Amino acid sequence: MTHAPNKAAGDAVVRKKPWYRQLYVQVLVAIVIGIVLGWRWPDLATSMEPIGTTFITAMKMLIGPIVFLTIIGGVAGVADLKKVGRTGIKALTYFQLGTIVAMAAGLVAINIFRLGDGVHADPSRLDVSGDAGQYIKTGEHQHWWEFLTGIVPDSVFGAFVEGDILQVIFLAVIFGIALKSVGKAGEPIIAAVNRLTTVVFKVLSFVMKAAPLGAFGAMSYAIGKFGLSTLTSLGSLILLFYVTSILFVVVVLGAVLAAYVRLNIFQLFRYFKEEFFLILGTSTAEPALPGLMRKLEFMGAEKSTVRLVVPTGYSFNLDGAAIYLSLATLYIAQATDTSLSVGQQLGLLAVMLLTSKGAAGVAGGGFIALTATLSTVGHVPAAGIMLVFGIDKFMSECRALVNFFGNAVAALFIARWENGLDLTRARQVLSGEVREEREERDEREEQVDAPAAGAAGAAEVAVPGGRPAEANEAVPVNP
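Residues numbered from 1 in each chain as written. Predicted model: local features only at pLDDT ≥ 70, side-chain atom pairs only at ≥ 80, totals over all residues. Heavy atoms only, no water.

For the chain, an unreviewed UniProt entry supplies the name C4-dicarboxylate transporter DctA and the organism Streptomyces sporangiiformans. UniProt, in its Subcellular location (unreviewed entry) section for the chain, records the words "Cell membrane". (UniProt positions renumbered as here; feature names shortened; annotations may be inferred.)

Undergrad: So what exactly am I meant to see when it comes to unusual backbone geometry here?
TA: It is generally the case that most residues other than glycine have a negative phi and that most peptide bonds are trans. One non-glycine residue, Asp337, lies in the positive phi region at around 60°. Here Asp337 lies in the loop between α18 (319-335) and α19 (342-358). Unlike most non-glycine residues, Asn419 shows phi in positive territory, near 55°. Locating Asn419 in the fold gives a position in the loop between α22 (392-417) and α23 (423-431). (Helix = DSSP H or I, 4+ residues; strand = E, 2+ residues; numbered from the N terminus.)

Undergrad: In this structure, what is going on with the pattern of salt bridges? I would like to understand it.
TA: Oppositely charged side chains may form a pair once their charged atoms are brought near each other. In total, this model carries six salt bridges according to the counting rule given. With its nearest N and O atoms 2.5 Å apart, the salt bridge here joins Lys90 to Glu418. With Lys90 in helix α5 (residues 81-113) and Glu418 in the loop between α22 and α23, this pair connects stretches of sequence that are 328 residues apart. Judged on exposure class, the residue Lys90 and its partner Glu418 are both buried. Here Lys295 makes a salt bridge to Glu275, at a shortest N to O gap of 3.0 Å. (Salt bridge = Lys/Arg side-chain N within 4 Å of Asp/Glu carboxyl O. Buried < 20%, exposed > 50% of the residue type's maximum accessible area, 1.4 Å probe, protein only.)

Undergrad: Would you mind showing me how to read the UniProt feature "transmembrane region" (unreviewed entry) in the chain here?
TA: Summarizing the sequence annotation, UniProt attributes the feature "transmembrane region" (unreviewed entry) to residues 23-41, 61-79, 91-113, 165-182, 203-224, 236-263, 313-333 and 366-388 in the numbering used throughout. Split by type, residues 165-182 is 94% helix and 0% strand. Its first and last C-alpha atoms lie 26 Å apart. The span residues 236-263 shows a helical share of 93% and a strand share of 0%, and its end C-alpha atoms are spaced 33 Å apart.

This is the structure in structure tokens:
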């Protein structure tokens, strides 16, 4: 028999940690300290680079296994394999349409404001060296069709060794379909995959405790290395990119979320505030991938849909990167006095739809995709990317944030399209009526909560909708 929890039990379930123990608060403080250190003591700040890179490397170490296991679990957990194909086709269609709109937004913005006019840069005099030179060299030898031929790895383990997420996704889908196809023989393996997923997520929770250190190291190095003066030298381009990105998220993604999913984009911002600050500090969306999937499932999105759409979206649905590519390409063209007709700009957009997928998950992927685009079309000199190389670090945070929220909206959109979204629960979660408690309590909280938990232990607590509450979720308390 189910009944509403008494006040003591409810208080035990929904008790929140003090603000100073919230991860997003710690990350935000670390970002501020990193900025101050980079500004005042740049030499010392630059030496903090290993702290940030070590944390990001530890996160990337887990991304491959997480994507592989969650996609297998999502595919194998679907009752009908036809639904996997249907969901995949819907997701890819949505991704491509979203990418086109994002790229168009960048093209419109840079054509209106034309920030490159008057620069008159001579490509032959640009110093192409260091990491940028390597990215240009790689991009010039990359063709638009390589993401199709390169999706198949040389070996099963090669994708994990190279960290190629596209190849990991390919393997995961194949393995998931195979496990589902063999019937009962695959059930023990599916169960093992689900258990292993739990273990990997637990390892991730250990790594996430170092997130404030990672954000501090990454931000200290960025400010110390490039300096705040870099922000002012091309500040207008950075500002245009940020404004265009914000408008895209609020207006375009917000309209999609409100019109079809019937949810509020600003409530979604608040719900993902912890992931927001984590991405802001580390300049990459990868550390937020597990949290995004967990929170979407907690909102009421079907697990199989989330675990198929979100990892795939991290390679195919890069709205922030799409805005950046179109805006940077046209800025370089304007700065090098390269005239592009409307038809040539549309041709660039068509090529970018493919090249932007080719370098997904690769170090310097944005520059590689940019160079590959310029080299494929041939109108704009590839060496022109040196004009924007210095400010890329300050644009990467925005790219990652737009990518993140783009994938959050995409997963909710596809879940709604597949009738796999509990809209009532989603609204309750976003409004704060139902809250998630994920991190473990310390010993003192456990001692305080023990009597209340014992009193309610014999009762089965229900959440709105009549189903029993899961271990990691909380229920509202009736006054």
